[in-house]
Amino acid sequence: MFPVHMSIASHDGNTSRLPVSSGCEGMNFRTFRWTQTMLFAINEINNMDNLLPNTDLGYVIYDSCFTISKAVEGTLTYLTGQDEAVPNYRCGNGAPLAALVGAGGSDLSIATARILGLYHFPQVSYSSSCSALNSKFQFPTFLRTIPNDKHQSSAMAQLVLHFGWTWVGTIAADDDYGKYGIKDFKEQVEEAGVCISFSETLPKENSPEDIQRIVQTIVESTAMIIVVFSSDVDLSPLVMELIHQNVTNRTWIASEAWITSALINQPGASSVLGGTIGFGVKRADIPGLQQHLLELDPYADPLTEEFWETNFNCTLDYGKALQKAKEQANGTSPKAGGLAVPAGLCTGSESLPQLKNTYSDISQLRITYSVYKAVYAVAHALHNLEHCQPGQGPFIGIGCTDITKFEPWQLMYYLKNVHFKVPHTNEEVYFTDGDVEGFYDVINWVVEGNGEIAYVTVGHYNGSADPADKLTIMNGSIVWNNEALEPPRSVCSENCKPGTRKGIRQGEPVCCYDCIPCADGEISNMTNARKCVLCGGDHWSNDAHDTCVPKVIEFLAFGEPLGITLIVISAFGALVTFGVSVVFVVHLATPLVKANDALLSFSLLFSLMVTFLCSIVFLGEPQHWSCMTSQVALALGFALCLSSLLGKAALLMLRAQAMKAGRARAKAAAKAAKAAAEVAANNGSPDVIVTNSTSFSDIAPRLKPDGLTFAHQRVIAAIATLIQAVGCTVWLIVLPPYPMKNTSAQNIKIILECNEGSVVFICCIFAYDILLAVVAFIFAFLARKLEDHFSEAKCVTFGMLVFFIVWISFVPAYLSTRGKFMVAVQIFAILASSFGLLACIFLPKCYILLLKPERNTEEMMRPHDKTRDGTSTGTSASLATAATEVNATISTSNIED
């Protein structure tokens, strides 16, 4: 059974008369070659001495017209033995039918195999590769000499994966061959991550609308790779439309049913199908076949007659030729002898070799070779049946059977177990569950210089090999569409480079995605990563986000410019403080130094030197000792400094209050004396002279000291400092500061810094320093109007204001910076406040000691009262004169005549 014709002839569908078998139309030269190959094989077998030497093979050929209904009709005709199909009835004599070779396409074989399986009738197919036919439950007597499509689907899937195509379109014939083949292909590629751009089905009947719709889908799709599972007959209309619309720049993956078909390889197809890659079954050269094909007898049977007439556009029927000549002569009577040999009559001696068509082309004998093997398989099974050794037969009860009257199921046994070598090729053929080995050639369509397409083998597929060795491709030998050297790219989205991840688009296939850059701290070091990986705690992503690199270790080092600058400023401050101390030591015996309690002054200078030098400890890589030393030294240094200022401010406040009270009493006494003198004068004592000689400068030497002495100031400073020392000691014992790695402040850096250990402790420690500063400021502010030449109360007030301004501005600056700059801000605050206190407290004294020594006298240390015009008379005591006690006395003298 061969699909010699492409379709059945159309009929009117009249049901008012007896149904008749439909005729066929559209002869297929390729399938007609298959029929002649079967005849060639039968003749070759009948001439052999070692294969069926005592038996000749006969044949019956039926044309299925590539239609299921005709295939079923032919199957019933075989079984009944007569032209009329009568199910379950056989009326015929002579040699039994051995097996059916056919029926062509997979859907035809499925229809025939269901019927033949009911009668256990053997069927050997040469081109039915559908995977559905491997079910022995449904098709128990079906065998084939063409590989199962499961192998071909796997081969196509591996080809797609081999070239990295992830975005493909599929087209399948509307039959079991196309549907099952594409189904198996989709399952395998989708499991590997390939997406299907579109999936179309070719219509079985002529439908220009459907063909145009499929072409439009191909044009609109971005898929550059299209997989086609179809026969050449079903695909031909689509190819014609593609050529018509000049649809190029696509790479086609072909199934074995059309990869070498001349029906597809039409003029103009090279622009559309050039570069096609497909799979073809085994190819072979069959000696003598071409001669057999070219020696065809045109009168042998109706099929050969039709073939001859179609090829040479003539008729072998003299009557038809004569009638056609008359019609061409417009009905006029031809001259005598004019129609002796009609022009349209075939002579029967036309030259077949000159045609060079598909029929005589034996360059790609693939399905033809499969037909050849199918005939030999049946012949070897019959040979084994005929030469069964008596007593060794396989059949229960009878052993062997007679070749002249055997049952179909008996031949089926031998067919299933046949094992032979094909003549001329020596290929071993055997069936495993009705199938043969899955071996294919990978074929590439190469456009030659004359525009013709050549079939070039560029690889192989062996379904029985190891998974890694199944597909062998010679990439360099492939010529792609438009003669490109590199394989085409067919992806919905380009590969995501390292440093990015796939972001699936909502509602689209997984192959369509956006490449999303990895977030900071995350990397992807492979192509098409599905997610980004978070770097470890001590690592961070590089700029490309494809590698985790160690974070930058940051701390304020001694050797960097900022560190050197801070060290220089700190050292300068310490040297200036030391210089002031030297000046005070040199002038230790002078009234100014004596009047300012040298010990308290030196403690203040020592504390400032500590604050200058402790800022250096903040530099460098934090260590346990440096974390504890820096914070504690800073707290104690400021505590000692502020405690000393607190003692000075307390004395100044008390002096200011005492002098204020003395002035009030002196003013009251003066008013009383003046009133008494005026009364005496009014009483008539003209000889009495009244004078008021009361002066603040006169009474100053007679001031009595109060209870606050140098010792009291020292005690205040010592107790205040001791309280801070106790607090720092408890802090260091309970929760001391320690070095730590701060990985949260900045993503790309590890900041080495000191952890305070306890926020509560450090807040209490520095809150205590702030409390001392506030109290000292209040005392100094209350004493700001104390009248003397140095205005020490005002200097202390300004010093504390500088201290507050520096540390108030420090807080937002500190909180707004990160890393080593936090340490720099803290050091700047320490240095600025220390320089402010040093300048405000000691600059006026150094000015007198070094530049105005004439003012460094006891007289200048004494307090003086203001004149009425607001100017001072005399010299007041020094701002720091703690030994001078203030006491207000009033003396009046009445001088009489």
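This text follows the structure it describes.
Procedures and definitions
Residues numbered from 1 in each chain as written. Predicted model: local features only at pLDDT ≥ 70, side-chain atom pairs only at ≥ 80, totals over all residues. Heavy atoms only, no water. Disulfide = S-S within 2.5 Å. Helix = DSSP H or I, 4+ residues; strand = E, 2+ residues; numbered from the N terminus. Buried < 20%, exposed > 50% of the residue type's maximum accessible area, 1.4 Å probe, protein only. Salt bridge = Lys/Arg side-chain N within 4 Å of Asp/Glu carboxyl O. Contact = heavy atoms within 4.5 Å. Pairing = 2+ DSSP bridges. Right-handed = clockwise from strand over helix to strand, strands pointing away. Axes fitted to C-alpha atoms, helices over the stretch in contact; angles between N-to-C directions.

### Observations concerning the state of the cysteines
- One pass over the structure, following the stated rule, counts nine disulfides.
- One disulfide bridge connects Cys-195 with Cys-511, the sulfur atoms lying 2.1 Å from each other. Disulfide Cys-195-Cys-511: the torsion about the S-S bond is 90°, which places it as right-handed. Placement of the pair is Cys-195 in strand S7 (residues 195-202) and Cys-511 in the loop between strand S16 (500-504) and strand S17 (513-517), with a sequence separation of 316 residues.
- The buried category is assigned to Cys-511, whose relative accessible area is 4%.
- Note that Cys-314 is cross-linked by a disulfide to Cys-346, the S-S spacing being 1.5 Å. Every disulfide takes its handedness from the sign of the S-S torsion; for Cys-314 and Cys-346 that torsion is 100°, giving right-handed. Separated by 32 residues along the polypeptide, Cys-314 in the loop between helix H10 (302-312) and helix H11 (318-328) and Cys-346 in the loop between H11 and helix H12 (367-386) bring together distant segments of the chain. Per residue, the accessibility class of Cys-314 equals that of Cys-346, and both read buried.

### A closer look at the pattern of salt bridges
- On inspection of all chains with the given rule, the structure shows 18 salt bridges.
- Note that Asp-285 is salt-bridged to Arg-283, the shortest N-O span being 3.1 Å.
- For Asp-285, a relative accessible area of 48% corresponds to the partly exposed category.
- The partner of Glu-508 in a salt bridge is Arg-505, with the nearest N and O atoms 3.6 Å apart.
- Note on Glu-508: relative accessible area 39%, which makes it partly exposed.
- In this structure Arg-505 comes out as partly exposed when scored by relative accessible area, which is 28%.
- A network of salt bridges, in which partner residues are shared, links Asp-107, Asp-175, Lys-204 and Asp-234.

### Describing the side chain of Ser-833
- By the secondary structure assignment, Ser-833 is in helix H22 (residues 820-851).
- You can call Ser-833 buried: its relative accessible area is 0%.
- When neighbours within four sequence positions are excluded, Ser-833 is seen to be in contact with Phe-638, Phe-803, Val-806 and Trp-807.

### Description of the pairing of strand S9 (residues 251-254)
- Here S9 shows no split at all, with Thr-251 and Ile-253 on one side and Trp-252 and Ala-254 on the other all buried.
- Pairing of strand S8 (residues 225-229) with S9, which is carried by four bridges, proceeds in the parallel orientation. Residue pairing in the sheet places Ile-225 in a bridge with Thr-251 of S9.
- Each parallel crossover has a hand, and for S8 linked through helix H7 (residues 232-245) to S9 it is right-handed.
- In this sheet, strand S10 (residues 277-280) lies alongside S9 in parallel orientation, the contact comprising two bridges. By the bridge assignment, Ile-253 is partnered in S10 with Ile-277.

### Points about the sheet that holds strand S23 (residues 738-742)
- Strand order in the open sheet formed by three strands is S22-S24-S23, and the pairing between neighbours is mixed. Of all the strands in the sheet, just strand S22 (552-554) and S23 have a single pairing partner and so form its edges. Ignoring which end each strand starts from, the neighbouring axes of this sheet average 25° apart.
- Here S22 runs beside strand S24 (residues 749-755); their pairing, made up of three bridges, is parallel. Counterpart to Ile-553 in the pairing with S24 is Ile-750.

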